[in-house]
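# Observations on the model geometry
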Amino acid sequence: MASSALADLIVKCRSLPKSLVRAAGILVLAGLPASAQDLRLQLPLDCTLGETCFIQQYVDRDPGPGAEDFTGGPLTYDGHRGTDFRVRDLEDLAVGIPILAPAAGRVRAVRNDMADRLIEDRREVAGRECGNGIAIEHGNGWETQLCHLQRGSVQVAAGDAVEAGDVIGRMGLSGATQFPHVHITVRRDGEVVDPFVENLWATPLAYEPGGLLSVGLLDRVPDFDEIKAGAADVSTLPADTDAIVVWGAAFGGQVGDVMQMAILGPDGTAIFESDVALDRTQAQLFRAAGRRLRDRTLAVGTYTGRVILVRGGEELDRLETTIAVR
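Report on the accompanying structure.

Cut-offs applied
Every chain's residues receive numbers from 1 upward, in the order its sequence appears when written. Whole-chain, interface and lining totals are the exception, using all residues; otherwise, since this is a predicted model, local features are given only for residues with pLDDT of at least 70 and side-chain atom pairs are given and counted only at 80 or more. With hydrogens and water set aside, each side-chain value is computed from the structure's full complement of heavy atoms. The rule for pairing is simple: two strands pair if DSSP sees at least two bridges between them. Here a helix means four or more residues in a row that DSSP labels H or I, a strand means two or more in a row labelled E, and each is numbered from the N terminus. Burial here depends on accessible area, computed with a 1.4 Å probe over protein chains only, as a share of the maximum for the residue type. Under 20% is buried, over 50% is exposed, and the range in between is partly exposed. Just so you know, the count uses Lys and Arg for positive and Asp and Glu for negative, and it drops His and the chain ends. We define a salt bridge as a contact between a side-chain nitrogen of Lys or Arg and a carboxyl oxygen of Asp or Glu at a distance within 4 Å. We call two residues in contact when some of their heavy atoms are within 4.5 Å. Pairing of aromatic rings covers Phe, Tyr and Trp, the last through its six-membered ring, and needs centres within 6.5 Å; plane angles under 30 degrees mean stacked, over 60 mean edge-to-face, and all others mean tilted.

### Quick notes on the sheet that holds strand 17 (residues 301–311)
What the five strands build is an open sheet, ordered 12-18-17-14-15; its pairing is mixed. What marks the edges here is a single partner per strand, and that holds for strand 12 (236–237) and strand 15 (270–277). Relative to strand 18 (residues 314–325), strand 12 runs parallel, the two being bridged by two bridges. Directly across from Thr236, in strand 18, lies its bridge partner Ala324.

Rendered as structure tokens:
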């Protein structure tokens, strides 16, 4: 387990800007004791954390009815027993995202026949929350379980030997899913182990206390379902529109966070700016703001939408996008 000094340092990292969090997180995690040298985990998908994939939820470390991740932060929920690696939206998912064996071992069990769909009520999949999944035994009592794979995509069977990095399926939406991700649970002798606390990652992973997923410009406020589908961004708008709106989607939002939203015109000056404060903590969210055009026209040219996520007065993350007005 981490020493109290290291644990305090991890908690302090939660309020740093994202670039510093990544650097500090690597140093902190590299300093944790390796209590299980016989298991080293690779990412269960090929991605770049903070750019093409994001950890939205960690193991719940609170033994009671509350929930907190290994830093004491809110990136988890009550009873969550694994780590969730997500992609931005369903458009990214549709490309086909290979799921990889996190370590060498032998497949103990698979499920491959559950439908892919987002659910609102976990009772719909009671007893099968993992959806399509794979359990791999790694020896010395270690086991990993990967969940929410695409129906029919599992490429291994019980008894198969796998090496770290082998493609074993594709990310899907099966089981108890509300966003596109792969869930990995680590167990030793049947007990859940937090891979961050026990320093199990072959390459240390920095803790990101929240961030932006995507940003877009539209002539209206989009529905969240559009954003989740990856269908809320456009590359062009007509000059004779009656509004222009910037939106930003985020994960790990906390009460008091501010989303600084701006639209820049073709000359680079802001034609709209607004600070939107978050009034509650949310695992995933979006906010949008913009302006109506009285003369129903925009100057032709390239417009930039910019969203900055601010926590405690410090910039945590930012994203920009551009569109052409014709």
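### Thoughts on the side chain of Asp60
As for its placement among the helices and strands, Asp60 is situated in the loop between strand 1 (54–57) and strand 2 (83–86). Despite its burial, Asp60 pairs with no opposite charge; the closest candidate is Arg61, at 7.8 Å N-O. Leaving out residues up to four positions away in the same chain, Asp60 has contacts with Gly66, Ala67, Glu68, Thr76, Tyr77, Asp78, Gly79 and His80.

### Notes on unusual backbone geometry
The phi dihedral of Asn140 is positive, around 55°, even though this residue is not glycine. Phi angles above zero are rare outside glycine, and Asp189 is one such case at about 55°. Position of Asp189 relative to the elements: it lies in the loop between strand 9 (181–188) and strand 10 (191–193).

### Thoughts on the packing of aromatic side chains
Tallying each qualifying case throughout the model produces nine aromatic pairs. With 5.0 Å between their ring centres and 75° between their planes, Tyr58 and Phe196 make a pair best called edge-to-face. Taken together, the residues span a long stretch of sequence, with Tyr58 in the loop between strand 1 and strand 2 and Phe196 in the loop between strand 10 and strand 11 (211–218) at a distance of 138 residues. What makes Tyr58 buried here is its relative accessible area of 1%. Using a relative accessible area of 1% as the deciding quantity, one classes Phe196 as buried. Ring centres of Phe224 and Phe286 lie 5.2 Å apart, and the angle between their planes is 40°; this geometry places the pair in the tilted category.

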